[in-house]
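Each chain, written out:
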Amino acid sequence: MNMSNRNPLALAGCVLALTSCLQVNVAMAEPLSQHAVYPLWDGPPEGTPAELSPTISERSRSLFAPDRALTGINEPSLTAWVPEHPNGAAIIIAPGGSYRRVVLDKEGIEIARALAPLGVTSFLLTYRLPGEGHENRADAPLADAQRAVRLVRRQAAEWNLDPDRIGFLGFSAAGHLGASLATGYDRAAYTLDDAEQAVSARPDFVALVYPVVTMQDEAVHAGSREALLGEAPSAEQKQAQSPEEHVDSRTPETFIVHADDDPSVSSMNAIAFYSALHQAGVKAELHVYRDGGHGFGIAGAGDLPVAGWPDLLASWLERIDVLPAARSESEELR
């Protein structure tokens, strides 16, 4: 494992990183435990470049506000974040990073910490980055997301989880991954093994925060599209990888948050996906805030109204029967 900017934050962060880079792997039959790492595949997936090596880069200038990014992901994994009082609900958290990196802190660990008081068991996902030379690059992240849902659902009984309360929460480019999973959970992104044949990859609910969605020109986030599809994708590729064009009545209920002043990803991405859900008769909730920018996570929202999105998410989870009703003030997400 390589670490750029070798400083105390990067070194200490390895202990809690989404540790496909550390590979402290745990046997599936063992009870779920905090920070246990569950590889999605038996070694690097087929078509993974041999030269890839996990690298953590520290981007923060503050010793007390880490902002690490992971690249070179050659063995995708789930890292468990187990609450003190689990209620059986599980959420797979997919941090963003323009499909060029996975942001570990503000869209990963920070989110898992916030969900824990609600009794939600989180699984922090590291997924293949399509621009790093993987074969079938456009489907590599989706294959990892499908495999992640199937893994959690297959192990639900052993891990005391409810197989019908498994959700997916995606940020930024991983919002595209979440929307792609919501609409393409049954797509043949990889060859299923025998244990997976009867296990659905459909998440029971989906949440998207400042998501990239479309690959069409008008509202596209160009950097994410280039990483996923290359510099000159065809019209067919753009259509195939635009989840808003593949919503149907079986798409899971979805919660969406965006800021209208987002300088990186147009809020039209969120609006387009919500509109498609609405037209398909899928219940959905959309919050577009006047201010917030991009990449605010939780702490980065400061005192802006968008800072209230985690409590809106928790209330939505109650209404769709993922969480028990009647949270106390101490259980608020902020």
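Residues numbered from 1 in each chain as written. Predicted model: local features only at pLDDT ≥ 70, side-chain atom pairs only at ≥ 80, totals over all residues. Heavy atoms only, no water.

K.L.:
Would you take a moment to explain the overall build of the protein for this structure?
P.N.:
Looking only at helices and strands, one finds eight helices and 12 strands in the protein. Residues classed as buried in the protein amount to 58% of the 334 residues present. By sequence separation, contacts in the protein at least 24 residues apart represent 77% of the contacts at least 6 residues apart. Counting every atom, the protein has about 13600 Å² of accessible surface; 48% of that belongs to carbon and sulfur. (Helix = DSSP H or I, 4+ residues; strand = E, 2+ residues; numbered from the N terminus. Buried < 20%, exposed > 50% of the residue type's maximum accessible area, 1.4 Å probe, protein only. Contact = heavy atoms within 4.5 Å. Areas by Shrake-Rupley, 256 points an atom, 1.4 Å probe, with all protein chains shown as cover.)

K.L.:
Would you take a moment to explain the sheet that holds strand 9 (residues 166–171) for this structure?
P.N.:
Hydrogen bonding along the main chain pairs the strands of a sheet, whether they run parallel or antiparallel. Reading across the sheet, the eight strands line up as 2-5-8-6-9-10-11-12 and stay open at both edges, with mixed pairing between neighbours. One side of each edge strand has no neighbouring strand; the edge strands of this open sheet are strand 2 (37–39) and strand 12 (284–289). Pairs of neighbouring strands in the sheet enclose a mean axial angle of 20°, with direction left out of account. Taken together, the six bridges between strand 11 (residues 253–259) and strand 12 define a ladder with parallel strand orientation. For F255, the partnering residue across the bridge sits in strand 12 and is E285. Contacts from helix 4 (residues 173–184) reach strand 6 (90–94), strand 8 (121–126), strand 9 and strand 10 (205–209) within the one sheet, and its direction differs from that of strand 9 by about 145°. (Pairing = 2+ DSSP bridges. Axes fitted to C-alpha atoms, helices over the stretch in contact; angles between N-to-C directions.)

K.L.:
When you look at helix 2 (residues 105–115) in this model, what are you seeing that I'm missing?
P.N.:
A turn of α-helix holds 3.6 residues, and therefore any two residues three or four places apart point the same way. Counting buried positions along helix 2 yields eight of 11 residues, so the element is predominantly enclosed. For helix 2, the full list of buried residues reads D105, E107, G108, I109, I111, A112, A114 and L115.

K.L.:
Where do I start with unusual backbone geometry in this structure?
P.N.:
Working note: non-glycine residues mostly have negative phi, and peptide bonds are mostly trans. One non-glycine residue, H35, adopts positive backbone phi at about 70°. Summarising the element assignment, H35 is placed in the loop between helix 1 (8–16) and strand 2. In this structure, Y210 takes a positive phi of about 35° despite not being glycine. Tracing the sequence through the fold places Y210 in the loop between strand 10 and helix 5 (222–229). For Y210, a relative accessible area of 0% corresponds to the buried category.

K.L.:
When you look at the packing of helix 3 (residues 140–154) against helix 4 in this model, what are you seeing that I'm missing?
P.N.:
The geometry of a pair of packed helices is captured by two quantities: the angle between their axes and the separation between those axes. The interhelical angle for the contact between helix 3 and helix 4, taken along N-to-C directions, is 65°, at an axis separation of 10 Å. Between helix 3 and helix 4, the interaxial angle falls into the category roughly perpendicular. Between helix 3 and helix 4 lies a crossing whose hand is right-handed. Touching P141, L142, A145, Q146 and V149 of helix 3 are L177, S180, L181 and G184, all from helix 4. Looking at side-chain class alone, the contact of helix 3 with helix 4 contains six nonpolar, three polar and no charged residues. (Parallel < 35°, antiparallel > 145°, perpendicular 65-115°, else oblique. Left-handed = near helix turned anticlockwise from the far one by under 90°. Nonpolar A, V, L, I, M, F, W, Y, C, P; charged D, E, K, R; others polar.)

K.L.:
Please explain the nonpolar core as it appears in this structure.
P.N.:
Proteins that are soluble and globular tend to have nonpolar side chains buried together. In terms of nonpolar packing, the biggest core is built from 47 residues, with L78, I92, F123, L125, Y127, V152 and F168 touching the most fellow members. Mapped onto this core, the elements with two or more residues apiece are strand 5 (77–81), strand 6, strand 8, helix 3, strand 9, helix 4 and helix 5. Per element, the largest residue contribution to this core is seven residues, and it comes from helix 3. Excluding residues that lie within four positions of it along the chain, Y127 makes contacts with I73, P76, A94, P95, G96, Y99, R101, V102, P141, D144, A174 and L177. Counting 36 residues, the second-largest nonpolar core is a separate cluster that includes A89, I91, A112 and W309. (Core = buried A, V, L, I, M, F, W, Y, C linked by side-chain atoms within 4.5 Å.)

K.L.:
Can you help me understand the pattern of salt bridges in this one?
P.N.:
This model, assessed by the stated rule, comprises 14 salt bridges. Residues E285 and R319 are paired through a salt bridge, measuring 2.3 Å at the closest nitrogen-oxygen approach. Pair noted here: E285 is in strand 12 and R319 is in helix 8 (residues 309–319), with a separation of 34 residues, a long-range link. Its relative accessible area of 17% is what places E285 among the buried residues. Close ionic contact of D291 with R290 constitutes a salt bridge, the shortest N to O distance being 2.7 Å. On the accessibility criterion, D291 (25% relative accessible area) is partly exposed. Through salt bridges that share partners, R147, D193 and E196 make up one connected network. (Salt bridge = Lys/Arg side-chain N within 4 Å of Asp/Glu carboxyl O.)

K.L.:
I'm lost on helix 8 in this one. Help?
P.N.:
Most of helix 8 sits out of view: eight of its 11 residues are buried. Among all positions in helix 8, only W309, P310, D311, L313, A314, W316, L317 and E318 are buried. Elements in contact with the buried residues of helix 8: strand 6, helix 2, strand 9, strand 10, strand 11 and strand 12. Of the residues flanking the end of helix 8, it is D321, one or two places downstream, whose phi is positive at about 65°.

K.L.:
What is the right way to look at the packing of aromatic side chains in this model?
P.N.:
Note on aromatic pairs: each is described by the distance of the centres and the angle between the planes. By the definition in use, this model includes nine aromatic pairs. An aromatic cluster of at least three residues, connected via ring pairs, comprises F171, Y210, F296 and W309. (Phe/Tyr/Trp six-rings, centres within 6.5 Å; stacked < 30°, edge-to-face > 60°.)

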